[in-house]
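# Notes for the structure review
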Amino acid sequence: MDPVDRAEVREMLLDIISGPLEKINGQYRLVSAQLSNIDIQTTKTNSTVARHDIIINENLPHTTANCPQQDKILEIRDSMISGKAIRKTIIFSITATGTLFTIFFIIYQIFIK
């Protein structure tokens, strides 16, 4: 093999190898550009969200004192509290009745029979 043939073979091998490498490099550049665009958009979105958060927290405090539906909220809260009290009373009554029934049954079994 003479030097001209070697040069041709080297050139052909470099062409074969460089084709896929250029494709990979092109894909890498494309992905990098797209990631840069995503980063820019994320930064814009985050700053917009931060601005909105400040506006909301300054103008709309999150308390029931500033709520236009405060009366409804207090009514619901009071009904929930009274509902819990009623449930506890019913459970206590059932338990007390069961306990008294058991005591009377035991007394009946011991003393009357």
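Here the structure is shown first, and the text comes after it.
Let me begin by describing the structure that accompanies this report. The residue count restarts for each chain, going from 1 along the sequence in the order it is written. Local features are withheld for residues below a pLDDT of 70 in this predicted model, meaning they are given only at 70 or higher, and side-chain atom pairs are given and counted only at 80 or more; totals for whole chains, interfaces and linings count all residues. Hydrogens are left out, water is left out, and the side-chain values use all remaining heavy atoms of the structure.

## A short note on the overall build of the protein
In this description a helix means any DSSP run of H or I spanning at least four residues, a strand means any run of E spanning at least two, and both kinds are numbered starting from the N terminus. Regarding its fold elements, the protein presents two helices and zero strands. The C-alpha atoms of the protein give 41 Å as radius of gyration, which overshoots the globular expectation for 113 residues (13 Å, by more than 25%). The principal-axis extents of the C-alpha atoms in the protein amount to approximately 125 × 55 × 10 Å. Three labels apply to residues, based on accessible area from a 1.4 Å probe with only protein chains included: buried if under 20% of the type maximum, exposed if over 50%, partly exposed otherwise in between. In the protein, which comprises 113 residues, the share counted as buried stands at 1%. Shrake-Rupley sampling with a 1.4 Å probe provides the accessible areas, and residues are treated as covered by the protein chains on show and by no other component. In the form shown here, the protein has an accessible surface area of approximately 10,500 Å², with 67% of it arising from carbon and sulfur atoms. Measuring between centres, the 12 positive side-chain charges of the protein sit 21 Å from its 12 negative side-chain charges. In this treatment the radius of gyration is a C-alpha quantity, and the globule benchmark scales as 2.2 Å times the residue count to the 0.38 power. Lys and Arg are tallied as positive, Asp and Glu as negative. Neither His nor the chain termini are counted. A charged residue contributes its charge at one atom only: NZ of Lys, CZ of Arg, CG of Asp or CD of Glu.

## Focus on the environment of Phe 104
Among the structural elements, Phe 104 can be located in helix H2 (residues 70–112). Judged by its relative accessible area of 57%, Phe 104 falls in the exposed class.

## Details of a nonpolar patch on the surface
Side chains of Leu 100, Phe 101, Ile 103, Phe 104, Phe 105, Ile 106, Ile 107, Tyr 108, Ile 110, Phe 111 and Ile 112 sit close together on the surface and give an oily, nonpolar patch of about 1,200 Å² of accessible area. Along the chain, Phe 101 turns up in helix H2. What makes Phe 101 exposed here is its relative accessible area of 59%. Patch membership is restricted to residues that have no salt bridge and whose relative accessible area is over 30%. Joining uses 9 Å for like charges and 5 Å for the nonpolar side chains Val, Leu, Ile, Met, Phe, Trp and Tyr. Counted as salt bridges are all cases of a side-chain nitrogen of Lys or Arg within 4 Å of a carboxyl oxygen of Asp or Glu.

## Structural notes on helix H1 (residues 3–59)
Helix length check: H1, at 57 residues, gives a terminal C-alpha distance of 82 Å against a target of 84 Å (1.5 Å per residue), a fit within 8%. Taking the largest bend as the criterion, H1 deviates by roughly 25°, centred on Ser 18, and proline Pro 20 comes between one and four positions later. Helices are assigned an expected span. That span is 1.5 Å times one less than the residue count. Fitting one axis to the seven residues ending at a residue and another to the seven starting there, the bend at that residue is the angle between the two axes.

Remember, this is a structural readout, not a statement about activity or role.
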